[in-house]
Amino acid sequence: MKRDTTNDTPAPKRRSFPKAFLLSLPMMLLTFAMLTGGKPISGPSQIVAFLLTYCFLNLFFFLMIYTGKTDRWRAPVFSAYSVAFVISFVTHLLEARGSMALSEANILRAQAPFCHMVIPMTLIPGALTKTIIFPGTIVGSFASISSMFILWIGASLSLGRGFCGWTCFFGGLEDGFSRLIKRPIIKRINPVFTYLPWALLLFIVLTSAAALSPVYCTWLCPFKAVTEYVQVISVKTLVQMVIFVTLFAGLVVTLPILTKKRIQCGLFCPFGAFQSLTNKVTGFAIRIDPDKCVKCGRCVRSCPTFSLDDESVASGGSRISCMKCGRCVDLCPKGAIHYHVKGTEPRSSGTLQRLLFLYPAFLFLATMGGGFFKDAIVRIIKLAATGHMI
Amino acid sequence: MEAFLLGLSNGGVCLAYCAPVLVPCLLAGSGGGIPKAVGITAGFLGGRLLGYLVFAVAAWIIGRALLGNAGARESIIGLAYMMLSVMLVVYAFTAGRSHSCAATGMGALMLKLSEHQGLSPLLPVAAGVATGLNFCPPFLLAMAASAEKGSLSYSIFFFFMFFLGTSLFFVPAPFFGLLRSHAAVRTVGRLCAGLVGAYYFFSGLIMLTGGIKSL
C-alpha cells in the first residue's frame with residue numbers, strides 16, 4: 001500500500017562551496033594529467049579543446065559533489081560523450097578509409113575497430129580455438145582488441161554494470177533521447193521483455209561460436225547506423241543495413257523518447273546482460289533503506305533500465321541489471337536510496353559510499369570521454385574554420 | 001559441434017518443456033536425497049537418448065528417400081527449416097500452455113501415476129522415451145538438420161550430440177535450489193527459442209531460394 005509523500009521531500013545534501021571544491025580537487029588533478037598525457041599542448045585549436053573539455057568535465061563533477069545530485073549532472077556529460085564519440089569516430093574512419101563503410105578488404109586486413117559489445121561473443125571461440133573471432137588487431141592500432149579488453153576488465157571490476165551507465169560510448173545516445181520529453185507516452189511495458197537481453201546473449205554467444213564470427217556485429221548491432229556500416233554490395237548486406245537502421249531508429253531513438261527509458265540497454269543489449277553479471281564482483285551496489293522507504297514507486301517508474309521493481313524494493317536493493325546511474329538516488333523523496341559499499345553497514349547514509357563510487361566512475365567517464373571530447377571539439381573548430389572536418 | 005550447439009541453444013526450451021515430466025518424478029520420490037534424484041534424472045535422460053536415437057534412424061530414412069537431388073534437398077530442407085522455425089516462434093511467444101508439447105500432458109499423467117501407484121524405477125526412463133519421442137520444434141529442427149546430411153552414422157551421431165547439448169541443462173535438475181529460478185529459465189529459453197526460430201527461418205529462406213534456383 002502506498003504511503004503519502006506530499007511535500008516532504010528532503011533537501012538535497014548540499015556541501016559548502018569550499019568543501020565541495022576540496023573534494024573535487026583530486027578529479028581536477030587526475031583529469032589534467034589524463035587530458036594532457038604529461039605533454040605540453042600545441043596549437044590554438046588543441047588548447048581551446050583542452051580547456052573546454054577540462055572545464056566541462058570538472059564543472060559537472062564539482063556540481064555532483066556540491067549539489068549532492070548524481071544523475072542530474074552525469075546525464076549531460078554522458079550524452080555529450082556519446083555525441084563526441086560519434087563525431088570523433090566517424091571522422092577518424094573517414095580519414096583512415098575514406099568511408100564509413102566496412103569493406104571486405106578492410107575485414108581481410110583486420111581493420112575493424114573492436115568495441116566492448118563483441119566481448120561475450122569472443123569468449124567461447126577463444127577458449128575452444130584460441131582465436132579471436134573479430135577482424136581487428138590485437139595491439140597497436142585505434143581501438144585494438146587488447147586495449148578494449150583492459151579497459152573493460154578495469155571498469156567491470158570497479159563499477160560492475162556501472163560500465164553501462166558511466167563508460168559505454170553508445171549508452172549516452174539513448175540516455176539523451178530518453179530525456180527529450182517530460183512525461184512518457186508509453187508507460188506500460190511487459191516485464192517479460194527484461195529477459196530478452198539474456199535470451200539474446202545466449203543466442204549470440206552460441207551462434208557466434210557455431211559460425212565463428214561475431215553474429216551480433218554482423219546482424220543486430222543498432223549502433224552500426226552511426227559508426228561504421230557494412231558496405232552494401234548485395235541483397236544480404238542491404239538486409240543487414242535495413243536491420244541496423246531500423247534497430248537504431250526504434251531502440252535508440254523512438255522508444256527511448258516515448259518511454260523515457262533506455263530501451264536498447266534494458267531490453268535488448270546482450271552485452272548489458274553479460275555485464276550485469278559483473279555486478280556480483282564489484283564492491284558497489286544500490287541499497288534501499290526499508291525504514292525510510294514509503295513505497296511511493298517513484299524509483300520503480302523512473303529507473304531507465306527496469307532494474308527496480310516492487311520485489312527488489314521490498315528486498316532492499318536493485319535487480320542485477322542496475323547500472324548505478326543514480327537517478328533513483330536523486331529522485332527518492334525520502335532519501336531512502338543510496339550508493340552502498342558491500343560489506344559496510346547497510347543503513348548508513350551512503351554519503352561517503354557515494355563519493356567512493358563517484359571517483360572511479362567519473363574518472364572512467366572522463367578517461368574514455370576526454371579524448372573524444374577534445375577530438376570532437378577540434379573537428380568542430382576545423383569545420384567552422386575550413387568547411388570540413390577531415 | 002553444430003548439433004551440440006543446437007542442443008545448447010535449445011536446451012532451455014527442452015528443460016522448460018520437459019520439466020513438467022521430470023519434476024514430478026523428482027518430487028514424487030521419497031528419501032534418497034541427491035543420489036536418488038541423480039539416478040532419476042539419469043534414467044530420464046537415458047530414456048530421452050533412446051527416443052532420440054529412434055528419431056536418428058527415421059531422419060536418415062527420410063533423407064535417403066526424399067533428398068537425392070541437390071536442388072530438391074535444398075528446397076525441402078529450407079522449407080522444413082522455415083515451417084519448424086515458425087513453430088518455434090509460435091511456441092516462444094504464445095503465452096498459454098495449450099500449444100506446449102506433449103510433455104505437459106505427460107506431466108499430469110506422471111503426477112497421477114505417482115499419486116496412485118508410487119514411482120517405479122523404470123518410470124523416469126519411460127518418461128524420458130516419451131518426451132524424447134515428441135515433435136517439439138527444436139527437436140524437429142535437429143531432425144531436419146540431420147536428414148540434410150543423409151548418412152545413418154552421421155544422423156545417429158548428430159542426434160547424440162544434440163542430446164548432449166540439451167542434457168547439460170538438466171545437470172542441475174537434481175538440485176532443488178535451482179527450481180526456484182525455473183520461471184526465469186523458461187522465459188529466457190522461450191525468448192531464445194524465438195530468436196533461434198527467426199535465425200532458422202532466415203536460413204531456411206536462403207536455402208529455399210537457392211534450392212529453387214538450382215532446380
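Residues numbered from 1 in each chain as written. Chains lettered and ligands numbered in written order. Predicted model: local features only at pLDDT ≥ 70, side-chain atom pairs only at ≥ 80, totals over all residues.

(A) Structural view of the overall build of chain B. The secondary structure content of chain B amounts to eight helices and zero strands. When its helices and strands are written in sequence order, chain B yields α-α-α-α-α-α-α-α. Residues classed as buried in chain B amount to 47% of the 215 residues present. For chain B, long-range pairs separated by at least 24 residues make up 90% of all intrachain contacts whose partners lie at least 6 apart in sequence. (Helix = DSSP H or I, 4+ residues; strand = E, 2+ residues; numbered from the N terminus. Buried ≥ 20, exposed ≤ 12 C-beta atoms within 10 Å, placed from the backbone. Contact = placed C-beta atoms within 7 Å.)

(B) Structural detail: the overall build of chain A. When you go through chain A residue by residue, the secondary structure sums to 17 helices and four strands. Relative to the compact-globule value of 21 Å for 390 residues, chain A shows a C-alpha radius of gyration of 21 Å, a close match. In terms of principal-axis extent, the alpha carbons of chain A reach across some 60 × 50 × 40 Å. Per-residue burial over chain A gives 45% buried out of 390 residues. For chain A, contacts bridging at least 24 residues in sequence account for 74% of all contacts bridging at least 6. (Rg over C-alpha atoms; globule rule 2.2 N^0.38 Å.)

(C) Up close: the confidence of the model for chain B. Residues and elements named next belong to chain B. When pLDDT is averaged along chain B, the result is 66, and 46% of the positions lie at 70 or above. For chain B, the element scoring lowest by mean pLDDT is helix 4 (residues 103-117), at 48; helix 7 (residues 152-167) scores highest, at 79. Every residue in residues 95-107 is under pLDDT 50, and counting partners more than four places away or in other chains gives 24 contacts. Interface predicted TM-score (ipTM) for the complex: 0.79; the corresponding pTM is 0.78. (pLDDT = per-residue confidence, 0-100.)

(D) Highlighting the confidence of the model for chain A. Counting all residues, the mean pLDDT for chain A is 89, and 95% of those residues have values of 70 or more. Contacts for the low-pLDDT stretch residues 1-9 of chain A, under 50 throughout, to residues beyond four places or in other chains number nine contacts.

(E) Region of the structure containing the nonpolar core. Counting residues in each nonpolar core, the largest one holds 127 residues, and the members touching the most others are Tyr81(A), Ala199(A), Leu202(A), Phe203(A) and Tyr216(A). Residues in contact with Phe203(A), not counting those within four places in the same chain, are Ser9(B), Cys192(B), Leu195(B) and Val196(B). (Core = buried A, V, L, I, M, F, W, Y, C linked by C-beta atoms within 7 Å.)

(F) Summary view of unusual backbone geometry. Residues and elements named next belong to chain A. Within the chain, Phe306 stands out as a residue other than glycine whose phi angle is a positive 60 degrees. Relative to the assigned elements, Phe306 resides in the loop between helix 14 (298-302) and helix 15 (310-314). On the basis of neighbour count, Phe306 is assigned to the buried category, with 20 C-beta atoms found within 10 Å. The phi torsion at Lys324 lies on the positive side, around 55 degrees, for a residue other than glycine.

(G) Structural view of the packing of helix 1 (residues 17-36) of chain A against helix 17 (residues 351-386) of chain A. All names here are of chain A. It is at 10 Å that the axes of helix 1 and helix 17 come closest, and there the two elements cross at 30 degrees. Here helix 1 is positioned roughly parallel relative to helix 17, judged by the angle of their axes. For the pair helix 1 and helix 17, the sense of crossing is right-handed. The residues of helix 17 that touch helix 1, namely those facing Leu23, Pro26, Met27, Leu30, Thr31, Met34 and Leu35, are Leu355, Tyr359, Phe362, Leu363, Ala366, Thr367, Gly370 and Lys374. Looking at the contact of helix 1 with helix 17 residue by residue, the classes come out as eleven nonpolar, three polar and one charged. (Axes fitted to C-alpha atoms, helices over the stretch in contact; angles between N-to-C directions. Parallel < 35°, antiparallel > 145°, perpendicular 65-115°, else oblique. Left-handed = near helix turned anticlockwise from the far one by under 90°. Nonpolar A, V, L, I, M, F, W, Y, C, P; charged D, E, K, R; others polar.)

(H) Representation of helix 7 of chain B in the model. Between the first and last C-alpha of helix 7 of chain B there are 22 Å, a value that for 16 residues agrees with the 22 Å anticipated at 1.5 Å per step. Buried within helix 7 of chain B we find Ser155(B), Phe158(B), Phe159(B), Phe162(B), Phe163(B), Gly165(B), Thr166(B) and Ser167(B). (Expected span 1.5 Å × (residues − 1).)

(I) Fine view of the pairing of strand 4 (residues 337-341) of chain A. Residues and elements named next belong to chain A. Burial runs high along strand 4: four of the five residues are buried. When strand 3 (residues 284-288) meets strand 4, the two strands line up antiparallel, connected through five bridges. When the sheet's bridge partners are listed, Phe284 is paired in strand 4 with Val341. (Pairing = 2+ DSSP bridges.)

(J) Here's a closer look at the pairing of strand 3 of chain A. Counting buried positions along strand 3 of chain A yields five of five residues, so the element is predominantly enclosed. Burial of strand 3 of chain A is two-sided: the residues Phe284(A), Ile286(A) and Ile288(A) facing one way and the residues Ala285(A) and Arg287(A) facing the other way are all buried.

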